[in-house]
Amino acid sequence: MVELSDPWFLLLLPLPLLAYHLLPPHRQFGAVLSVPDQIGRNILAGAGQGGAQIAQRWLLSGAIWLLLILALAGPRQLIPVPALKVSGRDLAIAIDLSGSMVRDDFYLDDAQVTRLQAVQTIGAEFVRRRAGDRVALIIFGSDAYYAAPFSFDTEAIARRIEESTIGISGRATNISDALGLALKRLKNSQAAARVVILLSDGVNNAGATNPRGVAKLASDMGVRIHTIAFGPKDLASSTPGERGVVDAATLKAVSDLSGGTSFRVRTSEDLQEVTRALDKLEATDSDGLAAEIYRELWVWPAAMAAGLCLFLAWRREA
């Protein structure tokens, strides 16, 4: 349905008629020329033809005025837009980008890939399904950084995950700072639910804070932490000094202390199952607010008025 954003401009439509009737007529002064009768009749015949041209010019001018007023009134069309599902949840995703993520001990579509490539592919798909959540991305290694602030633009967050690079945050594993940074941003959040999802493939070996202490703080704040212990081997079953192993016990303690859930991932299929499980744990189905978006149509009468102006100028020259 087409409507006008400023219908008051329609009150200007009779302005030319009011000016024509209320303003004094323009008087032309000139000398009188006497001509023979035959020449006078020819002049009068030509004046009749000129009168038709004047009437046409008046008609075109009236159409131009009408189109300009219509353009000023702002015709527009309401475009139906489905309501955005708003979950009322702030979801911070913390991804380990330490040096061990370069190990190529995972498989996707029967092709050997690095741990990072598996997380990039499956993690980005997970984020794209989080429509309705406000999602933020934290990357951590030796230090923790915000790669993307909280936003409903899940596509932008997913692209950040796909573009993540090992080494930008150092090559150690600082789980405590990653959790602390997430809690710092969630502290002033007014969301009904505040959740952290932390994925790590190593042992906390940087930072001065114990991850369990940060998890206790999260519990006091009402923030749930879901942890994903990522990697084929864990610290408990590995040989002393073995590299590339994940501290699954500590990650489980973090999730338990904060009221979240811990997951153990050894293959890409496990990671896909975890993302589906998280979709159920932190469902996004809820009512949202519909947005009103208008398609502006004023450009069409404005363009037609411009075209008629050009045509009228061309007729004058002709």
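As a starting point, this report considers the structure included with it.

Basis of the calculations
Residues numbered from 1 in each chain as written. Predicted model: local features only at pLDDT ≥ 70, side-chain atom pairs only at ≥ 80, totals over all residues. Heavy atoms only, no water. Pairing = 2+ DSSP bridges. Helix = DSSP H or I, 4+ residues; strand = E, 2+ residues; numbered from the N terminus. Axes fitted to C-alpha atoms, helices over the stretch in contact; angles between N-to-C directions. Salt bridge = Lys/Arg side-chain N within 4 Å of Asp/Glu carboxyl O. Buried < 20%, exposed > 50% of the residue type's maximum accessible area, 1.4 Å probe, protein only. Parallel < 35°, antiparallel > 145°, perpendicular 65-115°, else oblique. Left-handed = near helix turned anticlockwise from the far one by under 90°. Contact = heavy atoms within 4.5 Å. Phe/Tyr/Trp six-rings, centres within 6.5 Å; stacked < 30°, edge-to-face > 60°.

## A closer look at the sheet that holds strand S7 (residues 144–151)
For step 1, the next point in the chain: The six strands lie next to each other as S7-S6-S3-S8-S9-S10, forming an open sheet whose pairing is mixed. Sheet topology places S7 and strand S10 (262–265) at the edges, where each strand pairs with a single neighbour. Each strand axis lies, on average, 15 degrees off the axis of its neighbour in the sheet, ignoring direction.
For step 2, the next point in the chain: As paired strands, strand S8 (residues 193–200) and strand S9 (residues 224–230) are joined by six bridges and run parallel to one another. Across the sheet, the residue bridging to Leu 198 is Thr 227, located in S9.

## What about the pattern of salt bridges?
For step 1, the next point in the chain: Following the criterion strictly, the structure yields 18 salt bridges and no others.
For step 2, the next point in the chain: The salt bridge involving Arg 264 is made with Asp 234; its shortest N-O contact spans 3.6 Å. Of this pair, Arg 264 sits in strand S10 while Asp 234 sits in the loop between S9 and helix H7 (248–258), and the two are 30 residues apart along the sequence.
For step 3, the next point in the chain: Beyond isolated ion pairs, a larger network of salt bridges with shared partners links Arg 89, Arg 129, Arg 130, Asp 133, Arg 224, Asp 279 and Glu 282.

## A few points about unusual backbone geometry
For step 1, the next point in the chain: Its identity as a non-glycine residue notwithstanding, Asp 109 has a phi of 55 degrees, on the positive side.
For step 2, the next point in the chain: Within the secondary structure, Asp 109 sits in the loop between strand S4 (106–108) and strand S5 (111–113).
For step 3, the next point in the chain: Here Asp 110, not a glycine, exhibits a phi torsion of approximately 65 degrees, which is positive.
For step 4, the next point in the chain: For Asp 110, the position within the fold is in the loop between S4 and S5.
For step 5, the next point in the chain: Exposure remark for Asp 110: the relative accessible area of 79% places this residue in the exposed category.

## So, the packing of helix H3 (residues 115–128) against helix H8 (residues 268–281)
The angle between the axes and the distance between the axes are what describe a pair of packed helices.
For step 1, the next point in the chain: At their nearest, the axes of H3 and H8 sit 10 Å apart, and the two run at 20 degrees to each other. Accordingly, the angle class assigned to the pair H3 and H8 is roughly parallel. The handedness of the crossing between H3 and H8 is right-handed. On H8, the residues that touch Ala 118, Val 119, Ile 122 and Phe 126 of H3 are Ser 268, Leu 271, Gln 272, Thr 275, Leu 278 and Asp 279.

## Things to note about the packing of aromatic side chains
For step 1, the next point in the chain: One pass over the full model with this rule turns up two aromatic pairs.
For step 2, the next point in the chain: An angle of 15 degrees between the planes, with centres 4.6 Å apart, marks the rings of Phe 106 and Phe 230 as stacked. Residue Phe 106 is found in strand S4, and its partner Phe 230 is found in strand S9; the two are separated by 124 residues along the sequence. An identical accessibility class is assigned to Phe 106 and Phe 230; each is buried.

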